[in-house]
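Report on the structure
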Amino acid sequence: MKTITHFILLAVVLVGVSSCWSTSVTKIGTATYAPSAEGADVTIFTAESDVNKPFVVVGIISYDGPGKNDKSDFGAATEPLKEKARALGANGIIIDKFHPIKSGITSTRISVKARAIHLI
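Only a predicted model underlies this, so the values are computations on that prediction, with no experimental measurement involved. (Residues numbered from 1 in each chain as written. Predicted model: local features only at pLDDT ≥ 70, side-chain atom pairs only at ≥ 80, totals over all residues. Heavy atoms only, no water.)

1. Examining the overall build of the chain
A count of helices and strands for the chain gives two helices and five strands. Secondary structure elements of the chain, listed N to C terminal, follow the sequence α-β-β-β-α-β-β. Across the 120 residues that make up the chain, the buried fraction comes to 28%. Here the chain has roughly 7,500 Å² of accessible surface; of this, 61% comes from carbon and sulfur atoms. (Helix = DSSP H or I, 4+ residues; strand = E, 2+ residues; numbered from the N terminus. Buried < 20%, exposed > 50% of the residue type's maximum accessible area, 1.4 Å probe, protein only. Areas by Shrake-Rupley, 256 points an atom, 1.4 Å probe, with all protein chains shown as cover.)

2. A word on the sheet that holds strand E5 (residues 108-119)
Strands sit in the order E1-E3-E5-E4-E2 across an open sheet of five strands; the sheet is mixed. Since the sheet does not close on itself, it has two edges, and those belong to strand E1 (22-27) and strand E2 (43-45), each with one partner. Between one strand axis and the next, the sheet turns through 25° on average, direction left out of account. Alignment of strand E3 (residues 55-66) against E5, held across 11 bridges, turns out to be antiparallel. For glycine 59, the partnering residue across the bridge sits in E5 and is alanine 116. Strands E1, E2, E3, strand E4 (92-102) and E5 of the sheet are contacted by helix H2 (residues 75-87), whose axis makes an angle of about 140° with E3. (Pairing = 2+ DSSP bridges. Axes fitted to C-alpha atoms, helices over the stretch in contact; angles between N-to-C directions. Contact = heavy atoms within 4.5 Å.)

3. Topic: the pattern of salt bridges
The full count for this structure, using the stated rule, is three salt bridges. Here aspartate 96 ties to arginine 115 by a salt bridge, and the two come within 2.9 Å at their closest N and O atoms. Of this pair, aspartate 96 sits in strand E4 while arginine 115 sits in strand E5; the two residues are 19 residues apart in sequence, bridging distant segments of the chain. The partly exposed category is assigned to aspartate 96, whose relative accessible area is 41%. Where salt bridges share partners, they join Glu48, Asp96 and Arg115 into one cluster. (Salt bridge = Lys/Arg side-chain N within 4 Å of Asp/Glu carboxyl O.)

4. What to know about H2
What sets the pattern is the α-helix's 3.6 residues per turn: residues three or four places apart point alike. Among all positions of H2, only Ala77, Thr78, Pro80, Leu81, Ala85 and Arg86 are buried. Looking at the buried side of H2, the elements it contacts are E1, E2, E3, E4 and E5. Following H2 by one or two positions, glycine 89 has its phi on the positive side, about 80°.

Here you go:
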């Protein structure tokens with residue numbers, strides 16, 4: 001009975017861990033901007049050519065996490081990316097890479113790499 005209980009507990013922990021997401025930030029350059037207020041607008045660009053203003057790259061943001069309803073849905077990543085960008089004082093994000101990651105038989109996670117930018 002103890003073995004079954006331990007197995008069930010381990011399964012619950014693994015399911016909880018697999019549904020987590022993570023973000024990381026690497027600050028780039030010497031420019032420093034004050035963090036933006038919570039909820040401040042951060043524009044998402046899908047390519048550098050979409051940015052019609054001069055900008056400074058202030059950091060690289062990585063996101064690895066679950067897609068919405070086990071699908072590779074970019075919407076699941078937008079708020080975590082924006083939070084990290086705001087912390088760097090960025091008001092824009094350029095998405096450089098977005099791809100699904102198979103994380104089980106039926107689960108698909110997503111991975112996003114982006115540049116946090118400050119529009120001048």
